[in-house]
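Inside the fold
These are the residues of each chain, in order.
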Amino acid sequence: MAEAGSVRHLRTYVQIAWLWIRAAWQYPASFVLLAVGNGLVTGLDFVGLWIMFAHLRDLAGFALHEVALLYGSASLALALADTAISSVERIGTYIRTGRLDQMMTKPVPLLVQVCADQFSLRRLGRLTQAGVVLAWAGTYVEWTPLRALVAVSMIASGTLVFFGLFVGFSCVQFWTTDATEFANAFTYGGATVTQYPLSIFPREVLVGLTFVVPVAFVNWYPCLYLLGRTDPFGTPDAFRFASPLAALVTVGAALLVWRTGVRHYTSTGS
């Protein structure tokens with residue numbers, strides 16, 4: 001029964017998203033320009049890394065292609081989550097304008113509506129750029145069936161971790177109605193941190209990114225396995241395969257916070 005409900009909710013999400021895609025495609029030139037521009041702007045991040053390595057042999061012992069693997073995996077996971085549910089960041093706006101009240105009157109789960117609302121593929125450029133960098137870095141990996149499985153799990157789990165962070169921290173707006181930047185510090189900020197070797201930070205930072213905001217599981221631990229490297233901090237080898245567990249815990253916690261926030265919500269009164 002629960003599985004059937006999940007499939008139905010997913011189908012509803014796709015239908016709502018498709019409506020927004022069709023609407024955006026009414027202006028194809030604008031759509032293409034936004035997608036290309038987004039890809040070029042985000043691509044400057046990796047250009048900055050490339051320029052930095054023109055003056056460095058390595059970064060905390062990591063070569064350019066190894067940092068590229070971290071960069072590509074973190075960026076792709078963030079881009080997938082951001083594309084799928086970016087509207088949840090605007091929950092504060094929905095509350096202030098009364099739009100959330102309108103959504104709550106419809107026979108569709110509120111979270112499905114919020115995530116699919118104003119769905120846009122303008123981030124297609126970011127997805128493409130991250131995918132290209134990840135594919136290039138992957139040519140340096142000595143692939144085995146297990147490493148391929150870990151890589152696929154890494155992207156899927158990383159996307160779910162960011163999904164949980166987007167939803168969980170956006171729920172703060174149920175109480176403050178305007179805390180977008182607070183949420184961004186943990187979502188986009190977390191992605192930026194994981195684009196670099198975490199060994200450049202103190203051990204306390206790694207502990208926080210493992211047990212408090214688990215973005216270290218997005219790519220750091222699985223990438224260590226893909227690259228055949230030992231963890232400079234000496235964490236257990238089991239962490240390299242724990243990304244799916246971290247994703248489940250993060251999403252579970254986010255859904256619990258979402259449910260609490262919705263119960264706390266008392267309408268705008270308009």
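These remarks concern the structure in this document. Small disclaimer: the values here were computed from a predicted structure and weren't measured.

1. What about the overall build of the protein chain?
Looking only at helices and strands, the protein chain features 13 helices and zero strands. The linear arrangement of helices and strands in the protein chain, starting from the amino end, is α-α-α-α-α-α-α-α-α-α-α-α-α. Seen along its three principal axes, the alpha-carbon backbone of the protein chain occupies a region of about 60 × 45 × 35 Å. Across the 270 residues of the protein chain, 49% fall into the buried class. When contacts within the protein chain are restricted to residue pairs at least 6 apart in sequence, long-range pairs at least 24 apart make up 76% of them.

2. Some remarks on the environment of Tyr-71
Secondary-structure assignment places Tyr-71 in helix H3 (residues 64-85). When the C-alpha positions of Tyr-71 and Leu-134 are compared, they lie 7.6 Å apart, and in sequence the two are 63 residues distant. If we ignore the near neighbours within four places in the chain, the residues touching Tyr-71 are Thr-42, Asp-45, Phe-46, Leu-49, Gln-129, Val-133 and Gln-195. Within polar-contact distance, the side chain of Tyr-71 engages the side chain of Gln-129 at 2.9 Å.

Reading guide: rules and limits
- Residues numbered from 1 in each chain as written.
- Predicted model: local features only at pLDDT ≥ 70, side-chain atom pairs only at ≥ 80, totals over all residues.
- Heavy atoms only, no water.
- Helix = DSSP H or I, 4+ residues; strand = E, 2+ residues; numbered from the N terminus.
- Buried < 20%, exposed > 50% of the residue type's maximum accessible area, 1.4 Å probe, protein only.
- Contact = heavy atoms within 4.5 Å.
- Polar contact = N/O pair within 3.5 Å; in protein donor to acceptor, adjacent residues only side chain to side chain.

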